[in-house]
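# Observations on the three-dimensional arrangement
Okay, here's what each chain looks like letter by letter:
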Amino acid sequence: MLSEWALFFSAFGAATLLPLQSEAVLVGLLLRQPDAWPTLLLVATLGNVLGSVVNWVLGRAIEHLRDKRWFPFSARQLERAQQRYQRWGQWSLLLSWMPVIGDPLTLIAGIMREPFWRFMLLVTLAKAGRYAVVAMITLGWFHAW
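So, here is what we can say about the structure in this document. (Residues numbered from 1 in each chain as written. Predicted model: local features only at pLDDT ≥ 70, side-chain atom pairs only at ≥ 80, totals over all residues. Heavy atoms only, no water.)

On inspection of all chains with the given rule, the structure shows 2 salt bridges. Measuring nitrogen to oxygen at the nearest pair gives 3.3 Å for the salt bridge that ties Glu23 to Arg130. Separated by 107 residues along the polypeptide, Glu23 in helix 2 (residues 23–32) and Arg130 in helix 6 (residues 116–138) bring together distant segments of the chain. Each of the two residues, Glu23 as well as Arg130, counts as buried. (Salt bridge = Lys/Arg side-chain N within 4 Å of Asp/Glu carboxyl O. Helix = DSSP H or I, 4+ residues; strand = E, 2+ residues; numbered from the N terminus. Buried < 20%, exposed > 50% of the residue type's maximum accessible area, 1.4 Å probe, protein only.)

The subject of this paragraph is the packing of helix 2 against helix 6. Interaxial distance between helix 2 and helix 6 falls to 10 Å at its minimum, and their mutual angle equals 45°. Considered as vectors, helix 2 and helix 6 are oriented oblique to each other. The handedness of the crossing between helix 2 and helix 6 is right-handed. For the pair helix 2 and helix 6, the contacting residues are Glu23, Leu26, Val27, Leu30 and Leu31 in the first and Arg130, Tyr131, Val134, Ala135 and Thr138 in the second. Residue composition of the contact of helix 2 with helix 6, grouped by class: 7 nonpolar, 1 polar and 2 charged. (Axes fitted to C-alpha atoms, helices over the stretch in contact; angles between N-to-C directions. Parallel < 35°, antiparallel > 145°, perpendicular 65-115°, else oblique. Left-handed = near helix turned anticlockwise from the far one by under 90°. Contact = heavy atoms within 4.5 Å. Nonpolar A, V, L, I, M, F, W, Y, C, P; charged D, E, K, R; others polar.)

In short, geometric facts, not functional conclusions.
Rendered as structure tokens:
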């Protein structure tokens, strides 16, 4: 049970703008408990999606803070990110699993007022898909194909 909580919090933190990684924790647990893969995938996905929800909520709230001196993005950076999101739209959330660009995408989705239901659907598909591939590689399922 303690290991599932560690996985949850590493996945949650990895989905926020914090520089954390959850795949190593998942791989370690899969190697120790290969039969627990469904639970481990569910816990990792849940933590990672909830971390992305934090980014979406921050994005929804951040707009009124953009004129503060301590605001971490310049007006130009924010405008460019919004333009890119408008270009690719909601489908860019399917890349939310990717390192470096995934977390800012979920923040921008909040700024752009992406409907929560669509955000959850696309982000959950992306995050669950990534963890499923990690599990399949770790457990050697690709060799069976």
